[in-house]
Amino acid sequence: AQSVAQPEDQVNVAEGNPLTVKCTYSVSGNPYLFWYVQYPNRGLQFLLKYITGDNLVKGSYGFEAEFNKSQTSFHLKKPSALVSDSALYFCAVRDIERSQGNLIFGKGTKLSVKP
Amino acid sequence: GAVVSQHPSWVICKSGTSVKIECRSLDFQATTMFWYRQFPKQSLMLMATSNEGSKATYEQGVEKDKFLINHASLTLSTLTVTSAHPEDSSFYICSAPGLSEQYFGPGTRLTVT
């Protein structure tokens, strides 16, 4: 079965420091991977995606993610964290076993950036 | 980018009543829409797939008679929670697929008292 794992419930970072939010996946073929961010009582906002091509994907708000096929990982990174980056982050993979195109989400990682 | 709206953004209802949530694609047509449910501090769980002009496809464990889905046009899908109970209180989010990503609505917070 396909799945996404986010091993950390929470990540704490000081403002200005680099941040990493971890994600690993398990799919039967080539993965379509996504990162979304959610602010309290809001819907999900798209950050970036990996479909094919360059393993380093750059997205919105200075975020980037590196696709690592051998480690089946797609960690989200940012060189310098901002307090406003504090939110809930979801990694997701497209469900390729079904044609409807829904996403399978990780459980989410709460990012807390302190000034 | 494509925009998906939801209405209402939050609703409080009494136990036993029904609540309808609307999901609209504002600048594109969506033959398929997804309905997710999110419990506090948890991930999104797919409830059902809404298909324009045909019956919705429900995920295992989701009661189709309780969560009625209608996709009457290419821009509107509705989720009706019938005979709501406190355990139905949750955050409901819809989305519509684009060419390579999904576009999410802002969500509807349902509280059943």
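Nothing here was measured: the structure is a model prediction, and the numbers come from that model.

Criteria and cut-off values
Residues numbered from 1 in each chain as written. Chains lettered and ligands numbered in written order. Predicted model: local features only at pLDDT ≥ 70, side-chain atom pairs only at ≥ 80, totals over all residues. Heavy atoms only, no water. Pairing = 2+ DSSP bridges. Helix = DSSP H or I, 4+ residues; strand = E, 2+ residues; numbered from the N terminus. Axes fitted to C-alpha atoms, helices over the stretch in contact; angles between N-to-C directions. Contact = heavy atoms within 4.5 Å. Buried area = accessible area lost by both parts, 1.4 Å probe. Salt bridge = Lys/Arg side-chain N within 4 Å of Asp/Glu carboxyl O. Polar contact = N/O pair within 3.5 Å; in protein donor to acceptor, adjacent residues only side chain to side chain. Nonpolar A, V, L, I, M, F, W, Y, C, P; charged D, E, K, R; others polar.

So, on to the sheet that holds strand β1 (residues 4-7) of chain B. Residues and elements named next belong to chain B. With respect to topology, 4 strands assemble into an open sheet ordered β1-β3-β8-β7, the strand pairing being antiparallel. Of all strands in the sheet, those bounded by a partner on one side alone are β1 and β7 (67-73). Sheet twist, expressed as the mean angle between neighbouring strand axes with direction ignored, is 15 degrees. As paired strands, β1 and strand β3 (residues 19-25) are joined by 4 bridges and run antiparallel to one another. Looking across to β3, one finds that S5 is bridged to R24.

Another point: the interface of chain A and chain B. Contact residues are listed per partner, giving 20 residues for chain A and 19 residues for chain B. Contact with chain B buries surface across chain A, with L44, Q100 and F105 of chain A losing the most and accounting together for 28% of the total. Linking K49 of chain A and E101 of chain B is a salt bridge whose minimum nitrogen-to-oxygen distance equals 3.7 Å. Counting every contact that joins chain A to chain B gives 5 residue pairs in polar contact (both at pLDDT 80 or more). Of all the elements in the fold, those that place two or more residues in the side of chain A that touches chain B are β5 (33-38), β6 (44-50), β10 (87-94) and β11 (103-105) of chain A. Among the residues making up the side of chain A that touches chain B, the classes are represented as 9 nonpolar, 7 polar and 4 charged.

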